[in-house]
Amino acid sequence: MSLSLSLRQHLRHYHDNYLFMLGHLATDICQGSVGAALAVLLAAGYLHTNTEISMLVLASTLLSSIVQPLVGIISDLKPRPWIMTVGMVTAALGIGFIGCTQNFILMFILISISGVGVAMFHPQGSRLCHACSHEHMGRGMSIFSVGGNIGFAIGPVVISLATLLFGPPGIMVIMLPALIMMFVFMNRHQHYTELTLNENRELKSQPQERESYAGFAILTMMIFFRSCVYFGLTTFIPLYFMSRFKWEVGLANGNLTVIAVCSALATLAGGALADRFGFKTVLAMSATLAVPFLIAFAAMDSAGLAVAFLIPAALFLYGSLSVSMVMGQKLLCNHIGFASGITIGLGISFGGITSPLLGYIGDHYGLEYTMWTIVVAAMLSALVAWFVPDIDAIRQKRKEAAESAASVTSEA
């Protein structure tokens, strides 16, 4: 009885967080399907080289990298929940029709449109999630983040099943979750507007804290390298297993689901651990522990052993995902929308910028070298993570210094 009551209280407290989680799922199932969809199009003869695939991956992130910070700034100025809904639907429509054409230019345009939609969703969605998370910021943001992880997990499965039944046009199935969530968000638009307005009033009533631009720049650098790893794996893992271990496309795409399931579990655990042990500790340790498992994965000649090492690598790699989001919002505490646009949106799409380089390496030297390049990026991410400032420790020192100064003044 008490467990049931506790569950009901939890769902009531985090009701909006779970709705944002579902919206995140509906958006990131589109982004998470890109690698699997392109592998299907390659197998169907719609695409022909790794370089073509990497150029389409770049298309999904190039405009996104520009749009997301702008949407973050707009979100800070005035509540606009509709941006989240429009972005989610745009992301779905763009990727949904990619299997209906064999024209590379049209594919490029459709994936670019989808990338813009993804860029529109993340800053406003995370801004709203921040507004309703209150003191449990780690847990609230991890609930939101895990929606993206689930989207990435089920996206390849949906793509594989749909295209098995209907061929490349079956990719259109990916649009259904976004269309469902569109009606949910439209119904709650006024509530979300009031939610953001209330948070803005609370922030204005409090004395503004100093922001750490240098600290945020270091965090952004760490996120860039981690995103290279993230996008490199989700783009080239299916192709790697098809090339090196001669797996069929459906089975190779299944590795993306394995990665995404691990990332969902790691995201939930990372948020809870960060609330308890500190955000900096979880960020640096998870990034560091991912490296040896990625090295072992790249070195394996056995497909079974490669998957076995890929699982813990994914767990540690994505354990820092929601943690870095909250750290970004703390480092730029007066510009939460902009911070979210960088740490959440660009945290994923940054890696797409380097995708053509990884594709070039795969075409000219082999996908094994692509995987070793990803390992180097993981090493750099782990190294930079240790230099990200511990904002909670800084705040505690400021508080203690202020209390000490007040004590001295009162004694005098």
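Now for a look at the structure at hand. Just so it is clear, the model here is predicted, and its values are computed rather than measured. (Residues numbered from 1 in each chain as written. Predicted model: local features only at pLDDT ≥ 70, side-chain atom pairs only at ≥ 80, totals over all residues. Heavy atoms only, no water.)

Moving on to the environment of I311. Note that I311 resides in helix α13 (residues 303-317). Sequence separation between I311 and F297 is 14 residues, and the spatial gap between their C-alpha atoms is 9.3 Å. In this structure I311 touches V258 and C262, once residues within four positions along its chain are discounted. (Helix = DSSP H or I, 4+ residues; strand = E, 2+ residues; numbered from the N terminus. Contact = heavy atoms within 4.5 Å.)

So, on to the side chain of S320. Relative to the assigned elements, S320 resides in the loop between α13 and α14 (321-331). At 3.4 Å, the side chain of S320 forms a polar contact with the backbone oxygen of L317. (Polar contact = N/O pair within 3.5 Å; in protein donor to acceptor, adjacent residues only side chain to side chain.)

On to a nonpolar patch on the surface. A cluster of nonpolar side chains, M285, L289, V376, L380, L383, W386 and F387, forms an exposed patch at the surface whose accessible area comes to about 660 Å². Residue contributions to the nonpolar patch peak at 3 residues, all from helix α17 (residues 367-385). Relative to the assigned elements, L380 resides in helix α17. A relative accessible area of 35% places L380 in the partly exposed class. (Patch = residues over 30% accessible without salt bridge, like charges linked within 9 Å, V, L, I, M, F, W, Y side chains within 5 Å. Areas by Shrake-Rupley, 256 points an atom, 1.4 Å probe, with all protein chains shown as cover. Salt bridge = Lys/Arg side-chain N within 4 Å of Asp/Glu carboxyl O. Buried < 20%, exposed > 50% of the residue type's maximum accessible area, 1.4 Å probe, protein only.)

Our next topic: helix α2 (residues 15-32). Under the 1.5 Å per step criterion, the end-to-end length of α2 is 25 Å for 18 residues, consistent within 8% with the ideal 26 Å. Here α2 lies mainly inside the structure; 15 of its 18 residues are buried. (Expected span 1.5 Å × (residues − 1).)

Membership of the largest hydrophobic core comes to 110 residues, with the highest contact counts inside it found for F20, L38, L233, I237, F241 and M371. Non-local contacts of L233, meaning those with residues more than four positions away in its chain, are made with P238, L256, I259, L294, L317, Y318, M371 and I374. (Core = buried A, V, L, I, M, F, W, Y, C linked by side-chain atoms within 4.5 Å.)

The terminal C-alpha atoms of helix α5 (residues 82-96), which comprises 15 residues, lie 21 Å apart, in line with the 21 Å expected from a rise of 1.5 Å per residue. Extensive coverage of α5 is indicated by the burial of 11 of its 15 residues. Every buried residue belonging to α5 is among I83, M84, T85, G87, M88, V89, A91, A92, G94, I95 and G96, and all of these are buried.

This part takes up the packing of helix α11 (residues 249-277) against α14. At a minimum axis distance of 7 Å, the contact between α11 and α14 shows a crossing angle of 45°. One element, α11, and the other, α14, form an angle in the oblique class. Here α11 contributes T267, G270, G271 and A274 to the contact with α14, which in turn contributes L321, S322 and V323. Along the lines of polarity and charge, the residues of the contact of α11 with α14 split into 3 nonpolar, 4 polar and no charged. (Axes fitted to C-alpha atoms, helices over the stretch in contact; angles between N-to-C directions. Parallel < 35°, antiparallel > 145°, perpendicular 65-115°, else oblique. Nonpolar A, V, L, I, M, F, W, Y, C, P; charged D, E, K, R; others polar.)

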